[in-house]
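Residues per chain are reported as follows:
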Amino acid sequence: MFFGRSKKVQLIQPFAGKIVGLSEVPDEMFAQKMLGDGFAVEPSADSFDVVAPISGTLLKVFSSLHAFAMKSDEGLEILVHIGLETVELKGAGFTELAHTGEHVAAGTPVVHVDGAKVKAAGYNLVTPVVLTNQAQVKSIAINSEGAQVTLN
């Protein structure tokens, strides 16, 4: 890396759908960026795999399968939260495809979602992708693939 040049990394969207800013997520914690900055995706399919947005290690796949945390190879810490309040489902509608501690490449399926089942239970499937260690992030720019992150 050259002096004065920041490193840029691309986060891919975790599944096909409409990319929106966190401010559009109907949950104050995410909309006000209390956990960090990022983007969210509204799914375009009823059944889908949620993939790793970047290469790295899965720090935690939550037992309720509603979220996973990972650390990218560049040191970014990322939370992918599948839907809103979906922890209440206690895993119903979700299938684990990758496990805590595994190193995964960007695009590796981590959790399968039966979206029809989750929606029928009354839950919103908008999925925030949040960079939780903001001190390492200089800027984030949402694009058609997800977001480009410039590191400090």
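Below is a summary of the structure that appears in this document. (Residues numbered from 1 in each chain as written. Predicted model: local features only at pLDDT ≥ 70, side-chain atom pairs only at ≥ 80, totals over all residues. Heavy atoms only, no water.)

1. Considering the side chain of Thr-127
Item 1. Tracing the sequence through the fold places Thr-127 in strand β11 (residues 127–131).
Item 2. You can call Thr-127 buried: its relative accessible area is 0%.
Item 3. Side-chain polar atoms of Thr-127 contact the backbone nitrogen of Gly-83, separated by 3.4 Å.
Item 4. A polar atom in the side chain of Thr-127 sits 2.9 Å from the backbone oxygen of Leu-125.
Item 5. Not counting residues up to four positions away in its chain, the partners in contact with Thr-127 are Phe-15, Phe-39, Ala-40, Val-41, Val-80, His-81, Ile-82 and Gly-83. (Helix = DSSP H or I, 4+ residues; strand = E, 2+ residues; numbered from the N terminus. Buried < 20%, exposed > 50% of the residue type's maximum accessible area, 1.4 Å probe, protein only. Polar contact = N/O pair within 3.5 Å; in protein donor to acceptor, adjacent residues only side chain to side chain. Contact = heavy atoms within 4.5 Å.)

2. Observations regarding the sheet that holds strand β8 (residues 94–96)
Item 1. Judged by pairing direction, the sheet is antiparallel, and its three strands sit side by side in the order β4-β10-β8 without closing on themselves. In the strand order of this sheet, the two ends are held by β4 (47–51) and β8, each with one partner. The sheet shows a mean angle of 25° between the axes of neighbouring strands, direction not considered. (Pairing = 2+ DSSP bridges. Axes fitted to C-alpha atoms, helices over the stretch in contact; angles between N-to-C directions.)

3. Focus on the sheet that holds strand β13 (residues 146–151)
Item 1. As summarised here, the arrangement of the three strands in space is β1-β13-β12, forming an open sheet in which the pairing is antiparallel. Single-partner strands in this sheet number two, and they are β1 (8–12) and β12 (137–143). Averaged over all pairs of adjacent strands, the angle between strand axes in this sheet comes to 20°, irrespective of strand direction.
Item 2. Sheet topology places β1 next to β13; five bridges connect them, and they run antiparallel.

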